[in-house]
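Structure at a glance
Each chain, written out:
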Amino acid sequence: QASAAIVAEINQRAKSLSTVVDAQIGPGGTKQLISDITEGMNQYIADAGAWYKMTKQRGGELAPLGYQFDMDTLAIKELGESIVKDIFPKNQRETAMNMLAKIDELTETRTFENLIELREVINQLRGKRNLGHSTYEAYNNIMGNIDEEIASVAVRMGKDGPQWLKDWEDAKATYSEMKKLT
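Structure report, in brief.

What counts as what
Residues numbered from 1 in each chain as written. Predicted model: local features only at pLDDT ≥ 70, side-chain atom pairs only at ≥ 80, totals over all residues. Heavy atoms only, no water. Axes fitted to C-alpha atoms, helices over the stretch in contact; angles between N-to-C directions. Helix = DSSP H or I, 4+ residues; strand = E, 2+ residues; numbered from the N terminus. Contact = heavy atoms within 4.5 Å. Nonpolar A, V, L, I, M, F, W, Y, C, P; charged D, E, K, R; others polar. Buried < 20%, exposed > 50% of the residue type's maximum accessible area, 1.4 Å probe, protein only. Phe/Tyr/Trp six-rings, centres within 6.5 Å; stacked < 30°, edge-to-face > 60°.

**Examining the packing of helix H7 (residues 133-155) against helix H8 (residues 161-181)**
Contact geometry of H7 with H8 gives a least axis separation of 8 Å together with a crossing angle of 150 degrees. The segment H7 lies against H8, with Asp147, Ile150, Ala151 and Ala154 engaging Gly161, Trp164, Leu165, Trp168 and Lys172. Of the residues that constitute the contact of H7 with H8, the class distribution is 6 nonpolar, 1 polar and 2 charged.

**Regarding the environment of Leu125**
By the secondary structure assignment, Leu125 is in helix H6 (residues 112-126). According to the relative accessible area criterion, Leu125 is buried, its value standing at 2%. Taking the C-alpha atoms as reference points, Leu125 and Leu100, separated by 25 residues in sequence, lie 9.6 Å from one another.

**Looking at the packing of aromatic side chains**
Summed over the entire model, instances satisfying the criterion amount to 5 aromatic pairs. Pairing Tyr52 with Trp168 gives two aromatic rings, centres 5.4 Å apart and planes at 45 degrees, and the pair type is tilted. Here the residue Tyr52 occupies a position in helix H2 (residues 29-62), and Trp168 occupies one in helix H8, the gap between them amounting to 116 residues. Since its relative accessible area comes to 0%, Trp168 is described here as buried. Residues Trp164 and Trp168 carry aromatic rings whose centres are separated by 5.8 Å and whose planes lie at 5 degrees to one another, so their mutual orientation is stacked. Placement of both Trp164 and Trp168 in helix H8 is noted, with a separation of 4 residues, approximately one turn of the helix. Neither residue differs from the other here; Trp164 and Trp168 are each classed as buried.

Everything listed is a geometric property; what it means functionally is a separate question.
Next up, the structure:
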């Protein structure tokens, strides 16, 4: 009964809010406001994703010809396999192992765009709940190594490198903020 009373109170508050909004912006204003907010949010999601993708692709175009990242320097593979066993319950290990397979796939060609995609996968793994402190720190270390490599490559991109790196930082921040909101 308590939960039914709470639901009724929430519904009453929502109706009151809707009445106030309609009074401020006219009849039917609440539905229009919700529609406008939804449309704006969908556009924001699309724009943030497009900016991120475009910046990543531009980085691939600007990277030095023949660039390949070094897996040993990034120290990812060995850590990934041991961490999967340590942090994932048995029912989630298959998903984690699929992520490791994606890491393996991304490390075959080792292009600059692959490096950025690898960063995305490592960031997803790092975002899993219930990571131990040492595991979380290990992921942070790998992310730092990847970010240092990205910055190093940006220096070798020539005159467009500094602007690309600035755009990359902005695209990452925008995409991260969008992910928090969705």
